[in-house]
Amino acid sequence: ACLVASVVTLSFRIGAAATGILAAFPIVFTSIMLLLNLRVGGPAAAAVLANAVLGLAGFGAAVLTLHLAAVPFGSPVALILALIVSIVWNLSLHGARRRGIPV
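Here the structure is a predicted model, which means the values were calculated and not measured.

Chemist: How do you make sense of the environment of Ala-18 when you look at a structure like this?
Modeler: Tracing the backbone through its elements, the reader meets Ala-18 in helix H2 (residues 16–40). What makes Ala-18 partly exposed here is its relative accessible area of 31%.

Chemist: Please explain the confidence of the model for the protein as it appears in this structure.
Modeler: Parts of the model with low pLDDT should not have their predicted coordinates read in detail. Taken over all residues, the pLDDT of the protein has a mean of 86, while the share at 70 or more is 93%. The spread of mean pLDDT over the elements of the protein runs between helix H1 (residues 2–14), the lowest at 76, and helix H4 (residues 75–98), the highest at 95.

Chemist: Sorry, what's going on with the environment of Gly-55 here?
Modeler: By the element assignment, Gly-55 lies in helix H3 (residues 42–73). Owing to a relative accessible area of 24%, Gly-55 belongs among the partly exposed residues under this scheme. On a C-alpha basis, the gap between Gly-55 and Trp-89 in space is 7.9 Å, while along the polypeptide they are 34 residues apart. Those residues in contact with Gly-55, other than ones at most four positions away along the chain, are Trp-89, Asn-90 and Leu-93.

Chemist: What should I look at first to understand a nonpolar patch on the surface in this one?
Modeler: Judged by side-chain polarity, Phe-73, Val-77, Ile-80, Leu-81, Ile-84 and Val-88 come together as a nonpolar surface patch covering roughly 530 Å² of accessible area. It is H4 that provides the largest number of residues to the nonpolar patch, a total of five residues. Among the secondary structure elements, Val-88 is positioned in helix H4.

What counts and how
- Residues numbered from 1 in each chain as written.
- Predicted model: local features only at pLDDT ≥ 70, side-chain atom pairs only at ≥ 80, totals over all residues.
- Heavy atoms only, no water.
- Helix = DSSP H or I, 4+ residues; strand = E, 2+ residues; numbered from the N terminus.
- Buried < 20%, exposed > 50% of the residue type's maximum accessible area, 1.4 Å probe, protein only.
- pLDDT = per-residue confidence, 0-100.
- Contact = heavy atoms within 4.5 Å.
- Patch = residues over 30% accessible without salt bridge, like charges linked within 9 Å, V, L, I, M, F, W, Y side chains within 5 Å.
- Areas by Shrake-Rupley, 256 points an atom, 1.4 Å probe, with all protein chains shown as cover.
- Salt bridge = Lys/Arg side-chain N within 4 Å of Asp/Glu carboxyl O.

Rendered as structure tokens:
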């Protein structure tokens, strides 16, 4: 609740675009941390959070793709492109880990 209140308070000073960026990642991580800690315990929650950073980078790339493709191509195509970016990113991470490449 404090995190959300801080973001809302800052939103008047930093604008809508920066507020969206500021709000998305910390709130997602905080939600995951709280839910997993209550359900499976601290060590498992810590392991998920430690491995989620690169996954969130893929989410950021997908959102950027959606932002850049929405106006020129329209919403349906932009959403499909964002989904493809997300899937390709996560499959590449999975493949790298299976091959023993540290990511």
